[in-house]
Structure formats: C-alpha cells, structure tokens
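Inside the fold
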Amino acid sequence: MTLHWSTHQLTEYFTAVSASADEEVAIRVAVERALEALDAEAGAVLLAGEDGVRGLTGLPVTVPAEQLRPAFRGAPALELPLLGEANGANAALGSDIDGELVVARIDDEFSTEERQMLQGMAQVLGLALRNLRILTTERTLREERAREAEQRLELLEIVHARQALLETLLSIQRAISRREPLQSVLDAITEGASQLLRRAPIALVLSDPAEPTSLIVASRAHWPESAGTTHAALEHAAEAIAAEETVRRSGPSGALLTLATPVHVSGVVAGSLVAVGLDETDSAAENTGLMSAFGQQISLALTDARTVEAVREAYRDPLTGLPNRKLFLDRLDLILDEARIADIAILFIDLDRFKAVNDSLGHNAGDELLAAVSRRILGCLRTKDLAARLGGDEFAVILENLSVENARVVAERIAVEVAEPFHIAGRQIYIGTSIGIAARVGGTPAGELLGNADVAMYRAKRAGSGQVVVFEPEMQAEQLNRLELRADLQNALAAGQFRLNVQPLVRLGTGELAGVETLLRWHRPRCGIVPPDQFIPITEETGLINEIGRWVLREAVSQVAGWRRLLPDLTASVNISARQITDDRFVTDVADALDFAGLHGGALTLELTESVLTTDPAKALTNLRLIKEHGVRLSVDDFGTGHSSLSYLREFPVDQVKIDRSFVSGVTRSAQDNALVRAVVDLGRALHLEVVAEGIEDVEQLQALVRMGCELGQGYHLHRPMDPHLFADMIQRESGRTGPPPIPAGGARCMRGSHGPAGGRRS
C-alpha cells in the first residue's frame, strides 16, 4: 500500500515538475511537492557553485548553502536555524546536475521507503532541470543565430548600399569622362543621391555665373511641386554656401531632417546639394557622408566641364547672354511663390519672317539678328524685368507688379522697336513680332502661364505682324484645334485635299477677261473648307509652303495653258510667300512649272506683298531678277499698306501694282481715299506699270475707277471666285460671242475673300 501510494505520488510529482517551463518554477514546485508527499516541514535544492540554495521552503529565514549543506549531510538528526533539532534526508539530483534535494521534519525519522521516494523525486527533478537547461541553451542558440542572421542581413544591406553608391558614382564618372551634357550629369547625380536616400527629394542649387548673388535650381529629383519648396531649397543652400560646410536642420515637426552640403568648383564654393524629408532615425553620419560623396561628384563634374562656362551654357543662351527656357521657368517659379508680388504678366515674343532671313543670309546673319533683337527687347524693359530666349526665334519676358494694361504698353513698345530696320551683314533687314500676354490667375503654375502666353502669341500671329494679344481662356480650345490642323496639314497635299479656285481679272474699260488669280482651297475631311488665313500661316511656320507652293504653280500654269486656246492672252496670277521667294529652289520651281505647261514666262504673274519684299530685300531681289530672265511678270499686292512702297517700285523689277481694297472701298466716300487711289493710278501710268484695283464692290466704285483711267480690276461686283470648271464653261460661252462681255451694272454684295497660297485677300 505504501509502495503503491509512493508510486502514485511520484507519478504526480513527475507530471507537475515536468510541466514547468522555467527552472526556478520547477525547483519551487519540486520542493513543495516533496514536503507535501513526505510530510516534512522544510526543504530546498542545494546546487553546486554559486547557485547555492534554491527553492528554500519552511525555514523562517534565508540560510546560506554553506550552513545547510553540512547539516543535511551529517547524522539523521540535524540542527536547523530557528527550528532546532530535526530529522533530515537528502538525495542527489543526478542527470549531470550537481546538486541535491533536501528535506527535514521535526518528529519522525524518514523511513527507507520515504528515502527511496525522495531519491525518485530528486531524479525526476534532475531530469526536468536537465531538459530545461537543454531547452534554454537551444533557445539561446536560436536567439544568437537570429541575432547573427539579422546582423548579417544588416551588413549585407550596408554592402549593397555601398555597392549601389559605388556603381552610381562610377556611372557618373563615366558620364563625365564621355563629356555628356552637363545637365545630364547633374540630373544623374541628383537622381542617384535620391535613390540612395530612399527617394528623398534632392535639389542641386548653383550660383548664377552672370549674377553671382542669384541662385539657380540646376537639377531636381523627386522634388515636391508644392508652393514654397523652391524657396526652402534656396534658403538651405544659401546657408550651406555661406558656412562652407554641411548644414543639418530639423523640420517643423522635428521628425524630418534637411541636409545641405556645399559643392565646389576648382576649390571655390559654387553651390549646394540639398536633401529634404530625411528620417531623423536614420544614421546621420551615413546620410551626411553620402551627401558629401555626391557633392564631391558634382564638384568633379563642374570642374571637368570648364566650370563657369559650362554653367553659363546650361542656363544662359550663349548667343544673347539671356536666361534660357530652364532658367526662365525656375525664376518664374520663384516669382510666382512670392506672395508680395500681386501682378505678374508674361510676354511671349515670336519673330516674324526670321526664318526667311536665316535661310537666305545664313546662320551667322541669323545669330547676329537674334543678338540685336535681344538688345532692343532689353532696351524696352525695366531693370527688374527678366527677358529670356526660349529657343529659335522665341523670347519671353517676366513683368512683375505690372497690370495687363501696362504689360500691353510694354509689348507694343517692343513690337515698334523690332519693326525698325536692322543692318545685318551689310544689308537692311525688316522683321516683325507677334506677342502674346498672359497674366497670373490664382495658382497658375509657371509652365501653364508660359503656355497661355504662347497660345495668345499664335492668335497675334494670325492677326498679322506687329500684333499684341492678351490670353483668354477660350483660346485653349483654339490652340488644340490648331495643333490638330497642323497634324492634318502634313498629309493634305499627298491626300489630294487641295484645290484651286480662280477669280477673274477684268479690263475695266472694255470688260474683257485679262487673267485669273489662283486661290488655294483646302477641303479638310470631316471639316469641309478651311479658310486660308487659318492654314497658310501654319504652312509657312512648318516649311510646307514651299512644297504646296510648288504644286500651286504647276497647277495654275497648267490650267491657264488650256484656257489660252480660247483666250490666248489670258494670264495666271499666283501669290507668293516670303518663305518661297527666299528659297534657293524657287527660281527652278517657276521655270519647271512653265516648261511643264509649255508656256512662256509672260503668261505668269507672281504677286508679292510688301511684307514679303521687306524680309530679305537682297535675297528677294536676286531671285526676282533671275525670274524676270524667264519673262515672268511681277506684281506688288496690297500696294500702299506698307511703309516704304515707293522704294520697292524703284528697287524691284515690278510690272504691276494692286491697290489695296481698303482704299478702293472708300474711293466714292472719302476724298482722301479717292486722292490716294488717283495718285497710285497716275504713278503707275508715269512708271509704265499696270494698276489693278482690288475689291470692287459696286457700280459707283467701278465707274470712279474707269474715270481715273485704272486699267484692271477684280472683285465680287465683277466676278466671284469660282471653280476652274465653271470658269472654263464661262470662257467657252464668251468665246462664242462677238465683242467683249458687258461690264456688270450691278452685282452681288461684296463678301470678304480669303488668302491665297501666299497671302492676298481677294473679293
């Protein structure tokens, strides 16, 4: 019974001790269960070494191991502190655990069975402690391995970061050695720094070589677009430049950090690399070192790129010394951020007829002209205004604290100045300007504001040289239509979408048909007829006018060649643009068209507006003289609307002048217009030139012109523009009559006509 009881108790004891996950808990449970099973008053576990007494139970005071161990290992009767004489028993733990389980009771000695039970309990406890220590060791090893793995991972990340840094720096070095554009190198540096700083916003700020006190944001990577961020970058950069060392600043919340490190050119501080939004918990030394490394790369790039000259080329137009588009937009961004500036206006200036000068006189003359234009623009501005050359023949101006009305005054002053003749390459050159104005509304960004001014400029260009137009929101839709128009024009000729209409030219004294003027029409799919004043300027801008004009010449003379079988003296008049008359192929184009149709040059009249003759008078004169050698006749269109008309009659081999319809319309209403028309008719008679009156609207105008002795005329009162087939039918009918056709006594109400392939309004 006792043995059964002992076995049962031992099993429970084993279960309780083995369930303990902690050594201290297991020892305490083991001692308490042993005292309970053996009906003892005191007990403990005595371990070798420094562990000493563990799980002491039943004694009122703590007893050192050196006092307990001799007592339990003596006679069965032992003396315990404060308890007095007691019976003791002890059992070794075994399982490689150097220690023993000891118990004591005051009354009875421990029997042999009880000592065996104690021995069993000690063995169970020893086994449990051994297992716990193995588990603890394994857990410690696992934790150490985890720590080592984490450390290896951290080291690996550091190695990868260092490798990425080295690869980035190496690629930048290659770009520098290959002499890639400075801007590309600087962008690569800021992008590389941003990637290695976890895509932190990076900006490179440099001193403007032309204005050392001004700073330029030369490159950005992942930089926020919010207002004021550019100012913040400049402030941090200025601080680092002044201190000539890396500057650390915490953000308003204290959680974000800004670093600005100076960059040098040939040992002199020339700017700063700025990083914002860095995490304060990151390694400050590592971030600072990385920024310094990239700052050194920028210094190498700038020094290797001839420093000041390269920066000037990157942000200044080398031809005029003005800011380029990039610097212009950066400065505009800064100005737009300034709350104190209430009114901001942008002028977008495009030069009219510049390409003709550049093509005919060469790029050196074109460069000289651009430099001269920039000086005239600057002469119209205040010191604080900013002018820039955006590229090609486009300029822009920022006007601070100036209303739209006052900005228009400045723009008109520029237009007047640029319209004055330039003396380039030993020649007198006339160009003009088209100027668009856009004012800030709300939070309009810099790029959009410049784009609005560009849209207004195109509206001005369509209105004629020297015009100034202020942007209105509805112009955006017009600009989109214009872009679509431009795209469709690229294939219009190949697709056979162009047609020629004709408007007869009549001898006013007899009513005979003297010739026809060809008028270009574009049948645009899905849109119908497009007015020439909408698409001709685009063809001139893109250079398509030369190809289209070549087709018009050949079509016009071919049609007249057929009609001359019925009317042998019939001539064809074709409008010519400035781009055509200064084109090196133009003379050949005219000769080829005449040869193709089998006509002599006298059957063709080329009409040129006065603005065409002013673009490059020398080149125009050379080509016109060559054309005259083929017998081709020349006519000055819209005569009297320019500012030096009489000089053209003396300098150019002109055969005909056409009185502008604005004078003809007032010939019966205005004594001044009447006198001007009469003077032109008399001048033509004196110089043996044909005189054509344009836009004859009614019989009174017709009769007045006949009385003055004007030879030729055209207009809706005489004949409307018509399809060539209708004109062929008309001359077929007229050829069957005897004598000339009658002059109309009245006619349809005059309608405003359109521009031909090279201008020329007809009615």
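The rules we used
- Residues numbered from 1 in each chain as written.
- Predicted model: local features only at pLDDT ≥ 70, side-chain atom pairs only at ≥ 80, totals over all residues.
- Heavy atoms only, no water.
- Helix = DSSP H or I, 4+ residues; strand = E, 2+ residues; numbered from the N terminus.
- Buried < 20%, exposed > 50% of the residue type's maximum accessible area, 1.4 Å probe, protein only.
- Contact = heavy atoms within 4.5 Å.
- Areas by Shrake-Rupley, 256 points an atom, 1.4 Å probe, with all protein chains shown as cover.
- Phe/Tyr/Trp six-rings, centres within 6.5 Å; stacked < 30°, edge-to-face > 60°.
- Salt bridge = Lys/Arg side-chain N within 4 Å of Asp/Glu carboxyl O.
- Pairing = 2+ DSSP bridges.
- Right-handed = clockwise from strand over helix to strand, strands pointing away.
- Polar contact = N/O pair within 3.5 Å; in protein donor to acceptor, adjacent residues only side chain to side chain.
- Axes fitted to C-alpha atoms, helices over the stretch in contact; angles between N-to-C directions.
- Patch = residues over 30% accessible without salt bridge, like charges linked within 9 Å, V, L, I, M, F, W, Y side chains within 5 Å.
- Expected span 1.5 Å × (residues − 1).
- Core = buried A, V, L, I, M, F, W, Y, C linked by side-chain atoms within 4.5 Å.

Counting its secondary structure elements, the protein chain contains 25 helices and 28 strands. Residues classed as buried in the protein chain amount to 51% of the 763 residues present. In the protein chain, the share of contacts with a sequence separation of at least 24, taken over all contacts with a separation of at least 6, comes to 64%. Carbon and sulfur atoms make up 51% of the accessible area of the protein chain, which amounts to about 35100 Å² in all.

What follows covers the packing of aromatic side chains. Enumeration over the complete set of coordinates arrives at five aromatic pairs. When the centroid spacing of 5.6 Å and the interplanar angle of 75° are considered together, the rings of tryptophan 522 and phenylalanine 535 count as edge-to-face. Of this pair, tryptophan 522 sits in strand β19 (residues 513-524) while phenylalanine 535 sits in helix α15 (residues 532-542); the two residues are 13 residues apart in sequence, bridging distant segments of the chain. Owing to a relative accessible area of 0%, phenylalanine 535 belongs among the buried residues under this scheme.

Taken as a whole and assessed by the stated rule, the structure comprises 19 salt bridges. Between glutamate 23 and arginine 133 there is a salt bridge whose closest N-O contact spans 3.0 Å. One end of the pair, glutamate 23, is in helix α2 (residues 23-38); the other, arginine 133, is in helix α4 (residues 112-177), with 110 residues separating them in the sequence. One salt-bridge network, held together by shared partners, links Glu23, Glu24, Arg54 and Arg133.

Further remarks concern the pairing of strand β25 (residues 690-693). Within a regular strand, the side chains alternate between the two sheet faces. Neither face of β25 is open: one carries Glu690 and Val692, the other Val691 and Ala693, and all of them are buried. Summarising the sheet, strand β24 (residues 656-659) and β25 pair through four bridges and their orientation is parallel. Within the sheet, the bridge partner assigned to valine 657 lies in β25 and is valine 691. For β25 and strand β26 (residues 712-713), the ladder comprises two bridges, and the chain directions are parallel. Bridge assignment links valine 692 to a residue of β26, and that residue is leucine 712. As a crossover connection, the stretch from β25 through helix α24 (residues 699-708) into β26 is right-handed.

Here we come to α15. Taken as a whole, α15 has its buried residues at Pro532, Phe535, Ile536, Pro537, Ile538 and Thr539. Positioned one or two residues after α15, glycine 543 has a phi angle of 90°, which is positive.

To continue, consider the side chain of glutamate 607. With respect to the helices and strands, the residue glutamate 607 is situated in strand β22 (residues 604-609). Glutamate 607 sits in the buried class, given a relative accessible area of 1%. Within the structure, glutamate 607 has its side chain in polar contact with the side chain of lysine 658 (distance 2.8 Å).

Below, the discussion takes up the sheet that holds strand β11 (residues 344-352). The five strands lie next to each other as β12-β13-β11-β16-β17, forming an open sheet whose pairing is mixed. Taken across any chain shown, the strands that pair with only one partner, and hence form the sheet edges, are β12 (386-391) and β17 (468-470). Within the sheet, the average angular offset between the axes of one strand and its neighbour, ignoring direction, is 20°. Bridge analysis of β11 against strand β13 (residues 394-400) gives seven bridges, and the strand direction is antiparallel. In the sheet register, alanine 345 faces β13, and the bridge partner there is leucine 399. Along the sheet, helix α12 (residues 404-419) makes contact with β11, β13, β16 (432-439) and β17, crossing β16 at roughly 165°. Against the sheet, helix α13 (residues 446-463) engages β11, β12, β13, β16 and β17, with an angle of about 140° to β16.

Glancing now at the environment of alanine 561. Looking at the secondary structure, you find alanine 561 in helix α16 (residues 544-563). Taking the C-alpha atoms as reference points, alanine 561 and histidine 600, 39 residues apart in sequence, are found 9.9 Å from one another.

The subject of this paragraph is a nonpolar patch on the surface. A cluster of nonpolar residues, Leu153, Leu156 and Val159, forms a patch on the protein surface that exposes about 260 Å² of accessible area. Note on placement: leucine 153 falls in helix α4. According to the relative accessible area criterion, leucine 153 is partly exposed, its value standing at 47%.

Another aspect to go through is helix α20 (residues 617-628). Taking 1.5 Å of rise per residue, the 12 residues of α20 would be expected to cover 16 Å, and the 16 Å separating its terminal C-alpha atoms lies within 8% of that figure. Those residues of α20 not exposed but buried are Pro617, Lys619, Ala620, Leu621, Asn623, Leu624 and Ile627.

Across the chain, the bulk of peptide bonds are trans and the bulk of non-glycine residues have phi less than zero. In the Ramachandran plot, arginine 353 falls in the positive-phi region, its phi being about 70° despite a non-glycine side chain. Among the residues examined, arginine 353 registers a relative accessible area of 22% and is labelled partly exposed. One non-glycine residue, asparagine 401, adopts positive backbone phi at about 50°. Tracing the chain through its elements places asparagine 401 in the loop between β13 and α12. For asparagine 401, a relative accessible area of 37% translates into the label partly exposed.

Next up on the list: the nonpolar core. Core analysis: the largest hydrophobic core is formed by 74 residues, its most contacted members being Phe535, Val590, Leu604, Leu606, Ile627, Val657 and Phe727. Those residues in contact with leucine 604, other than ones at most four positions away along the chain, are Leu553, Val557, Ala572, Val574, Val590, Leu594, Val632 and Arg633.

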